[in-house]
Amino acid sequence: GNSVTQMEGPVTLSEEAFLTINCTYTATGYPSLFWYVQYPGEGLQLLLKATKADDKGSNKGFEATYRKETTSFHLEKGSVQVSDSAVYFCALTSNAGNMLTFGGGTRLMVKP
Amino acid sequence: NAGVTQTPKFQVLKTGQSMTLQCAQDMNHNSMYWYRQDPGMGLRLIYYSASEGTTDKGEVPNGYNVSRLNKREFSLRLESAAPSQTSVYFCASSVARLNTEAFFGQGTRLTVV
């Protein structure tokens, strides 16, 4: 079956530091890959997505590139802000269905 | 824009009690989902409904039932609550199958004592 593995947190960074959150996946077929973000007390919201190999998703300064050869979709941001503090989830949906499979989530804490 | 609305936001149940979590979306989406979120385990799919009139089991369906009442509404029922069902429950919806973004409600925090 499909699975997503992401680095455990929490990740604690100072403001303006570089962020990487690793994500690798196992899936049949040709999955679409997503990063969702959950701010405190809220539901998840889509941050970015990529639907085929070598695609780069980007939004709000965050980027992730779909690497089929390494089955990875690592999230990066060049300069984090306090407002980026949240839990980040890597996810995939395969073309076998419309179900999202999530990783365990990574909590990011950014200190001023 | 309401999006996906869940009720209630918080609930405390005694073991053995029953309750229904309500979910409604106003985006004319075909597919709806119920997930539970537990610490360190991400979100796990309980049930989903690919379209009005259909429901299917997800990863962790035991102890739950669902009803797709119409295109807008998808409810989750706990017939006899157990402490293991203490969790945060999220309803979500998406346009259709394949590569689609899911929109989530704000969650229901359920505690079973």
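This structure is a prediction, so every number in the text was calculated from the model and none was measured. (Residues numbered from 1 in each chain as written. Chains lettered and ligands numbered in written order. Predicted model: local features only at pLDDT ≥ 70, side-chain atom pairs only at ≥ 80, totals over all residues. Heavy atoms only, no water.)

1. A word on unusual backbone geometry
Residues and elements named next belong to chain A. Here glycine 9 and proline 10 are connected by a cis peptide whose omega angle stands at 0 degrees. Here aspartate 54, not a glycine, exhibits a phi torsion of approximately 75 degrees, which is positive. Its place among the elements puts aspartate 54 in the loop between strand 6 (44-50) and strand 7 (56-59). Looking at aspartate 54, the relative accessible area reads 54%, which means it is exposed. Positive phi is not limited to glycine here, since threonine 71 has a value of about 40 degrees. (Helix = DSSP H or I, 4+ residues; strand = E, 2+ residues; numbered from the N terminus. Buried < 20%, exposed > 50% of the residue type's maximum accessible area, 1.4 Å probe, protein only.)

2. Comments concerning the interface of chain B and chain A
Across the boundary between the two partners, chain B contributes 22 residues, which contact 23 residues of chain A. On the surface where chain B and chain A come into contact, there are zero salt bridges. Summed over the shared surface of chain B and chain A, the result is four residue pairs in polar contact (both at pLDDT 80 or more). Breaking the side of chain B that touches chain A down by element, the ones donating at least two residues are strand 4 (31-37), strand 5 (43-49) and strand 10 (102-104) of chain B. In terms of residue count, strand 4 of chain B provides more of the side of chain B that touches chain A than any other element does, four residues in total. A breakdown of the residues in the side of chain B that touches chain A according to their chemical character gives twelve nonpolar, eight polar and two charged. (Contact = heavy atoms within 4.5 Å. Salt bridge = Lys/Arg side-chain N within 4 Å of Asp/Glu carboxyl O. Polar contact = N/O pair within 3.5 Å; in protein donor to acceptor, adjacent residues only side chain to side chain. Nonpolar A, V, L, I, M, F, W, Y, C, P; charged D, E, K, R; others polar.)

3. Here's the deal with the sheet that holds strand 8 (residues 74-78) of chain B
Residue and element names in this part refer to chain B. Spatially, the four strands line up as an open sheet ordered 1-3-8-7, and their pairing is antiparallel. Both edges of this open sheet fall to strand 1 (4-7) and strand 7 (64-68), since each of them pairs with a single strand only. Between one strand axis and the next, the sheet turns by 15 degrees as a mean value, whatever way the strands run. With three bridges joining them, strand 3 (residues 19-25) and strand 8 adopt antiparallel strand pairing. Looking at strand 8, one finds that leucine 21 is bridged to leucine 76. (Pairing = 2+ DSSP bridges. Axes fitted to C-alpha atoms, helices over the stretch in contact; angles between N-to-C directions.)

The analysis is restricted to geometry; functional conclusions fall outside its scope.
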